[in-house]
Every structure is written in structure tokens, then in C-alpha cells.
Amino acid sequence: MTGQTFQILNAFLTVGAMAFGLLVALWAFRKTAGARAAQAIWRRRVNELEDRVARADSVFGAHPGLVLVWDEPPFEAEAQGWGEPRIFGSSVALASLLRFAEAADGPDPAGVLMEGLADYEARAASGDETTLRKRFQDLMQEGRPFSLTIIGPSGRFLEVDGRAAGTQLVVWLSDSTIRGLEESGARGRIEEARRLVSKDPMAFLDMLGRAPFPAWRTNASGRLEWANSVYVRAVDAGSLDEVLQQQILLDAGMKEQTGKGIEEGKPQCETRIIVVNGRRRAMEFLIFPVSGGAAGIAIDQTAGEEAKAELTRFRRAHDETLNHMAEAVVVFDRSKRMSFANRAFADLFKLDDAFLNDRPSHGTLLDRMREKRLLPEQADYAGWKTDELAQYDQAPNEETPDELWPLPDGRTLRVARQRHPLGGVMLIFEDKTDELALKARYNTLINVQRATLDKLHEAVAVFGADGRLQLNNNAFEELWGFSSDELDGQPDFDTVAETCAALFSDDRVWTDIKGRVTDPSPQARKQVTGEMRRSDDRVLTYLTRPLPDGATLICWDDVTDSRRIEEALRERAEALEASERIKTEFVEHVSYQLRTPLTTIGGYADMLAEGFAGELTDRQREPMSAIQAASSHLAKLIDDILDVAAIDAGKLELDLGDVGVSEVVEDAVALVAAKAEHNSIKLTAELDAELGLMRADRNRIKQVAMNLLSNALRHVEPGGLVTIGARRGDEDITLWVEDDGEGIAPEQQARVFDRFSRGDRGGAGLGLALVKEIAQLHGGWVELQSEPGKGTKVACHFPIEPRGDGVPPELALMGTTTAKLRETV
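Thresholds applied
- Residues numbered from 1 in each chain as written.
- Predicted model: local features only at pLDDT ≥ 70, side-chain atom pairs only at ≥ 80, totals over all residues.
- Heavy atoms only, no water.
- Axes fitted to C-alpha atoms, helices over the stretch in contact; angles between N-to-C directions.
- Helix = DSSP H or I, 4+ residues; strand = E, 2+ residues; numbered from the N terminus.
- Left-handed = near helix turned anticlockwise from the far one by under 90°.
- Contact = heavy atoms within 4.5 Å.
- Phe/Tyr/Trp six-rings, centres within 6.5 Å; stacked < 30°, edge-to-face > 60°.
- Lys NZ or Arg CZ within 6 Å of the ring centre and 35° of its normal.
- Salt bridge = Lys/Arg side-chain N within 4 Å of Asp/Glu carboxyl O.
- Buried < 20%, exposed > 50% of the residue type's maximum accessible area, 1.4 Å probe, protein only.

**Student:** How should I be thinking about the packing of helix α3 (residues 91–100) against helix α4 (residues 109–117) in this particular structure?
**Tutor:** When two helices pack together, their arrangement is given by the angle between the helix axes and the distance between those axes. Running from N to C, α3 and α4 point in directions that differ by 35°, and their axes come no closer than 9 Å. Of the two possible hands of crossing, α3 and α4 adopt the one that is left-handed. Contact with α3, carried on its side by L94, L97, L98 and F100, involves P109, V112, L113 and L117 of α4 and no other residues of that element.

Shown next, in the form of C-alpha cells:
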């Protein structure tokens, strides 16, 4: 009983303990239910925060730059430096910006970077010039935001934006050079950003919200869940709530791009043209898949797209320019395929447009040109082609010398090769056939010129504009005593002048000649002549003449012998002048001394002939007539001699007046008519009916007519014919006498008008000489026509208005005036 009771009690106690335990468990469960609920709430919030951090991390990693965050103003915490800001961004971006600032890495990269950029030239959004140091002080002291563009020393540009985020200061640094990083680098940047952002995710989200470019996040279905303020302003919305409620997208292609990124699980980058604030902008959309959806940013690439468009236009203009070049140009890209060929290339090698439009490779083009025999003949074509295509493997800065290609058709091409700035090789072909032919002809001409100069007895030297000797002949070396090798290497003018100074030491002359050689001014580039008397008693004349190419030719001529001859001739001329003066004085003296007794003889002969001493018998009359004729002839001869002397002395002046030629001819005919009749010679006159008047010396014209008639009568046989005539031309009157006498031999005709010549067939030799000189004094001339056995004709041409040396200037002017009045009347 006792054992049974004990068992029952034991069972009861066991059941009670179990009930108690159950009650305690129920109580404990109720007591911990609130804690478990709170723990679940916090776990959920942590997950949400981690999700936000991941999303912000993805968006932040797309930014091609750095973000510096100061928890407190740096200059309040430290007297010097830039504090200790937190750095958000990739190490690659940091390294790129340090290179931009030309700063070295160290324990404080943010301070080094800011100090390196602080004083660079910068331009604010308003266009004002400033520096990062000034604008950061304004941000620190007054909370004034800024946006700057910093111009680096290498020509790169850095965008800097500063904002106040609560008590924090934020500076955004963007450099476009880090946008094209590899995916691995981008992943590392994201990891680094996640590590840094995880320390303060709320601050990171706040900074992303203040980013100067549009940023957003979408869920897996592409629905917009968050956007920053720049995005809101870009879509012209009033607030973020309006954007999220109406799902306003920055661009219609965003949804498709987001879906593609989520589906493929990798970032998507596209550039599209959208309208932002009423202006067309080229935006680069970067969308990254993140946990629970995708994040994206939009970077304004308008400037880059415009630069690309400008580059495209430039390349098009460049191609058009090449098309207008006379040289043939062909460009091959990196893949050795033709990317451009101008029209001159197709014309030079006669290639089909269809073949060129297929963009053949460089090797294919060479093969085609070889088939058409448009390449130089090569013994090893395969090796030559390999060397030609090896141009693509050379360094860009390695120069390739130009080549000359002699083509089988006789043409010669110059080929220039150079690496193209966009990659590949550019070939330029120029037809040098004509140029080489001209060069050969030019060299031949130079050689001929040099040989010609060597044949000259004058010394010739040609100096270039740089003062160096370019060309000289053998006479130059011999004249100044140069050796054959002394003038090699184009010596300068001073060296040549130093050697020449041994024979001619006047420095002023050599300095003046040097100025003519080296001075390019128009005053110096003039022809100059001069004379040099050397120390060896030789006399040289020199001439400097500028040449069209800027060179100067200097010529020396040895005139020593010529000067000696000139001196001898001068002395001889002076002697002849003195002899002529003595002769003239003698003639005048003798003529005067002869005239006095001759006048006495003639006078007494006339008196005796007229019966002063009694009537003469027939036997006495014949000698008396001979005495009268001889005295008349001698008197005329003396007059002619005096006239010649007066002409030689320049003292014979014409007594001008209006002369009727017909009257003069008739008077002359009347004076010689008796003599013609006595010698049985027929004398006739042929005068134009409209001879009129002319301005002349009547007595001298009559003297000409008398001399011509006397000369003709003296050489005509009895029964012959002498004719005197006159005719009027447009500007002159011709007085002529013609006879049918014996004529004049051809070898004597040239001397007929010389003084004291027997060419006038007897007489003293002054008659025709006076005729010629009287005609010349009037400004006229004489002419002779004669044939032996057929007769002679002498014609004198007198201008209607005299203009010879014997006409006084005032009378000539009066004659001109009279002629004009006569024409007017």
C-alpha cells in the first residue's frame, strides 16, 4: 500500500512538475514575445539599410571621380592643411586626379590632392576666374556652394562641385579620363566604395542626393523608386513625390535599358539625345544592376558629342582637302585596309572606282598595281612587299625616308610614308617626272653657264644672300690670285675679301660691296659700278648686279690696257684739235691774204675788158676773158673755203626767211645759162606748180643750186642735158640736179661728199661737201644716184621748217609759230 501510494505520489509529483514546467514555459514565451518582435524589426531595418547602401554604392561607383567629405570645417580643426576628409571613390580615380594635380601619393592623399589643385586657374559657372582655395573658404565660412572647372597644366579639365550637407562639407571631383576603365577596375572601385560607405551609409545617400548629375534607382520591374534633386529639375517636376507618383522618366529608353541590364546582369551604357530644360543635350545613361533592381546616373556628354561631330566634320573637310590636292594620297587603317583615296590617286594609277570602293587591303592594292605595271621592277617582289607592309609595325615617331619609284612607263614618282594620326599608314605619291627632267635641264644649263663663264675674260663671282660664294669662273681666280682649292666649300665674302685686300686694300669699297650682297633692302639691291686701282698698277672696273633669286653677281674687268689706249687717244685728240685749230686759222689767214690781191686782179681785169685803157683787140679779149674766169673761180673757191671753216668753227648761222624755191631755181638757171649755152649743153628746169614757200636761208639754198649745176655742167659733154628740179613733199622740199654725163664709179660714190675729195670729178673738192653740210645745217640730208656712162643725180632734201644745228633757237621757234599761223590762214 505504501509502495502503491508512493508510486501514485511520485506520478502526481511528475505530472505537477511537468505542468509547472509547461506553465513556466508559457510564461517565459509571453515574456520574450516583445523582444523577439523588436529583434525582427531591427533585423528588417538592417536589411533595408544594407539594401540602400548597396543601391547607393552602385550609383556612387558609376561616378567617374572622387567625393571628399569633411565632418567639420578643416580650418577650424587645424591651423594648416585641409583636415582629414573621408574619400569616396576608386583608387584609380584618386591616382588619376593626383596625376592631374601633379602631386605624389602619401599618407594624406586628400590633403595632397586639394593642395595640388587649390591654386590652379579655375572658372566658375558664371564665367568668373577664381581658384579652388577661394571658393572652398566661401563654402566653409558661409556655406556658399560652387561649381568650378579647373584647367590643368597638361590641358585637361577637372569639374569640381562643393556643397554643404548638414554639418558636413562635400566636394565632388570629376575627371572624364577615368570613365573608360576596365570592368575589373570598376568592380574594385565598387568594393572600395562599399567599404567606405558602409561606415556612414546615410551620409553617402545624402551626398548622392546632392550629386550634380541626375541619379535614380528602380526596382526589378523597372519602376522608379528614388531620384535625386538634379533628376527632379531635369524632368521639370515640382518634387520627388510627383516624379515617383507619375513615374516621370528622364528618357523613354531608360526602361528598356534598365530591363536589359537586369536581364543580362551587367552594366549598360548608352548615349541618347534628350531635352533638358528646353535644350538638346547628349546624355550618357549608365545603369547598373543592384540588389532588388537597378541604379543609374546620366552624365552630360554634349561637349564630347559636339567634339565628335566637329571631328567628323573636320575629317570630312580634311578628306575634301586631300581630294583637291595635286598629289595622290591613300590612307590605310590599322587593319591594313584602305580607308581613303583621293581623286588624284585614282587618276595617277588608273584604278577602277569599284575596286577602290571595296576598300582593298594594302597587299591586294600592291598586287593589282604590279599587274598593271605601276610599281618599280623588283627582283624579289615578295621580299619587297613584306618590307612595304612592315611600315605598320614601326614606331609612330620613326621617320621613313622618301623614295623615288621609277615606273616601267617612264614616269618617276616620289613616295612619302607616314603614320596616320588615327592609326595606320598614309602614302603620298607625287609625279616628279617633269621636275626631274627640268632639274636635269637646269643642271645642264648650270654646267653650260659655268663653262660659258670660264670662257669670259672678265672675272665673275656670284654670292648668295647669306654672303657665301656660290659660283665663280677661272678668270676670277687668276685675277685675284686664288688657288683652285682655296675657294672650295663656298667661303664667305669676308674670307674672299681678305685675300683680295692684298692687292686692293680700300676697306670702304669692300664694305660697300658686302652691303650690296647681304643687305636685302631695296636701297642696297641696286646696280653699282666703280673702279679699283690695285697695288700692282692694274686698273679694274667692277659691277654689282642683284639677281632675281636674291644672289648678287660681281664682275671685274681689267681695263689697264684700255685706259692706256684712252690716254693715248686723248692725247692724240688734243693734238688733232690743236692741228685743226691751226689749220683753220691758217686757212682764214691765207684766204684773207688771197682775197685782197684777187679782188684787185679781178677789178683791173674788168676795167680793161670794158676799155678803160683803150679798146681791146680780138686777140687781147680771149686772154682777158680767161683772166676774169680764173679770178671768178678762185674767188668762189676762197668763199667755199671760208664757209667750210665757218662751219667747222660752228660760226655759220643761217639767215632764215620765207624762200620761194621756184625763184631760187630760176635765178640759178639764169646765172649758168650762158655757160651752158657756150658749152652747147641743154639746161632745163622741172618745178612743181605748188612748191610754195619754205623756211630757209635763201643765199645758202641758191649756193646749193649753183654748186649742183656747176658740178653737172663740168662733167657733161657738149650736146648733153642737165636738168634741175624741185618737188614738195608732206614735210620737206627736194631740190635735185640730174645730168647724162659720165657718171661716178661705185667705189668713188662713198667719198663724193667728203671735203677736198676728187670724187666730184674735178674741182677743188668742196662743192658737194658744202651742199651736204648746208643741207644738214637746215636739218636735211642729201642722196646720190649714179651709174657710170649713164649720168648722175644729186638730190637735197630740205625740211619745210628747218631744225638743224645751224638754226638759232629763237628763229626756229619763230619759224614754228609762223608755220602754225600759215596753216591757220
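Having put the structure on the table, let's press on.
**Student:** Sorry if this is basic, but what is going on with unusual backbone geometry here?
**Tutor:** With the exception of glycine, most residues fall at negative phi, and the peptide bonds are largely trans. The phi dihedral of D236 is positive, around 60°, even though this residue is not glycine. Note that D236 resides in the loop between α8 (229–234) and α9 (240–246). The backbone of Q247 shows a phi angle near 50°, a positive value even though the residue is not glycine. Within the secondary structure layout, Q247 lies in the loop between α9 and α10 (254–264).

**Student:** What is the right way to look at the packing of aromatic side chains in this model?
**Tutor:** Any aromatic ring pair is given by two values, namely how distant the centres are and how the planes are angled relative to each other. Taken as a whole and assessed by the stated rule, the structure comprises 18 aromatic pairs. Among the aromatic residues, those joined into a cluster by ring pairs are F463, F476, W480, F482, F493, F504, W510 and W556. In this structure, R368 is placed above the aromatic ring of F355, and the distance from its NZ or CZ to the ring centre is 4.1 Å. We note R534 situated over the ring of W480; from NZ or CZ to the ring centre the distance is 5.1 Å.

**Student:** When you look at the pattern of salt bridges in this model, what are you seeing that I'm missing?
**Tutor:** When the charged atoms of two side chains lie near each other, side chains of opposite charge can form a pair. According to the stated counting rule, one finds 33 salt bridges in the structure shown. A salt bridge links E388 to R417; its shortest N-O distance comes to 2.9 Å. Of the two residues, E388 is situated in helix α15 (residues 381–389) and R417 in strand β16 (residues 412–419); the sequence distance between them amounts to 29 residues. The exposure classification of E388 matches that of R417, with both residues buried. With a shortest N-O distance of 2.6 Å, E567 and R570 are connected by a salt bridge. Within this pair, E567 and its partner R570 are both found in helix α20 (residues 560–609), separated by three residues, close to a single helical turn. Given a relative accessible area of 40%, R570 falls into the partly exposed group. It is possible to trace a salt-bridge network through shared partners that takes in D402, R414, E430, K432 and E435.

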